[in-house]
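Here is how the chains run, residue by residue.
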Amino acid sequence: MNLYLRYFDDETLVTSVDAALDFLRSIDEIDVDPALEADIREYAASNVLYPKRYKIRSRVYFIIIKTVASTMQEFKEHRNVKKDAQPNVEGKGRAMSAEVLKLNEEHEGWYEGSILFKRVNYDPAKGKFRYLDTPFVAQVKASSGMDCYNRIISHLQERVDPRSQFPSPKGKNFHFRFLGLAK
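Residues numbered from 1 in each chain as written. Predicted model: local features only at pLDDT ≥ 70, side-chain atom pairs only at ≥ 80, totals over all residues. Heavy atoms only, no water.

Asks: What is the right way to look at the packing of aromatic side chains in this model?
Replies: Think of a pair of aromatic rings as described by two things: how far the centres are apart, and how the planes are tilted against each other in angle. All chains considered together, the criterion is met by 9 aromatic pairs. Taken together, a centroid distance of 5.2 Å and an interplanar angle of 65° make the contact between tyrosine 111 and phenylalanine 178 edge-to-face. Placement of the pair is tyrosine 111 in strand β5 (residues 109–123) and phenylalanine 178 in strand β7 (residues 174–181), with a sequence separation of 67 residues. Judged by relative accessible area, tyrosine 111 falls into the buried class, the value being 2%. Each residue in the set Tyr111, Tyr149, Phe174, Phe176 and Phe178 is aromatic and connected to the rest through ring pairs, giving one cluster. Above the ring of tyrosine 61, the side-chain terminus of arginine 53 is found at 4.0 Å from the ring centroid. Against the face of phenylalanine 129 rests arginine 163, its NZ or CZ located 4.3 Å from the ring centre. (Phe/Tyr/Trp six-rings, centres within 6.5 Å; stacked < 30°, edge-to-face > 60°. Helix = DSSP H or I, 4+ residues; strand = E, 2+ residues; numbered from the N terminus. Buried < 20%, exposed > 50% of the residue type's maximum accessible area, 1.4 Å probe, protein only. Lys NZ or Arg CZ within 6 Å of the ring centre and 35° of its normal.)

Next up, the structure:
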């Protein structure tokens, strides 16, 4: 597995940890101490595939990404292919994107919408307010999944503390299903 490293406009694709450390040492602002070297070696040897970033100073980082690409051009083309690709069609990604796509489909009828929101509650023991995850399920007459969401939020806003927080209709905390045509 190769390593891609980037610090602002300086970037490289290397085949070994030693080459990566040489690249980092060539940048004056980065101090490669034994702890950093050991952490990079551990990251390269691990099964972890997500990118890793290292802090240089406040809001300044360099990143390391594991990749199977053998050239910089191949790495950048692979990255652009991922950006241009359609939504994930396997597993949870497919279910989520399908639900988001159905959100604005017009079907007049009954919907069941479930939402998990942060409700503000007063805690008398501490004398403070706190947020509690609160599930809410309702059956509403609506024209689309988005209309279902808007009707549920409108209903809740009239009945709970105005500081309560509601999730996005495209997020994982709102789900809906079409129950049938309205009569």
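Right, picking up where we left off after that structure.
Asks: Please explain the sheet that holds strand β4 (residues 60–67) as it appears in this structure.
Replies: Paired through backbone hydrogen bonds, the strands of a sheet run either parallel or antiparallel to each other. The sheet built from 4 strands is open, its strands ordered β2-β1-β4-β3 with antiparallel pairing. What marks the edges here is a single partner per strand, and that holds for β2 (10–14) and β3 (52–57). Between one strand and the next, the sheet's axes are offset by a mean angle of 15°, whatever the strand orientation. One ladder, built from 5 bridges, connects strand β1 (residues 2–7) with β2; its direction is antiparallel. (Pairing = 2+ DSSP bridges. Axes fitted to C-alpha atoms, helices over the stretch in contact; angles between N-to-C directions.)

Asks: For this particular structure, what's the right way to read the sheet that holds β7?
Replies: Across the sheet, 3 strands lie side by side as β6-β5-β7; this open sheet has antiparallel pairing. The sheet is open, and its two edges are formed by β6 (128–142) and β7, each paired on a single side. Neighbour-to-neighbour, the strand axes of this sheet turn through a mean angle of 25°, independent of strand direction. Where β5 and β7 come together, 7 bridges link them in antiparallel fashion. From the neighbouring strand, serine 114 faces β7, where its bridge partner is histidine 175.

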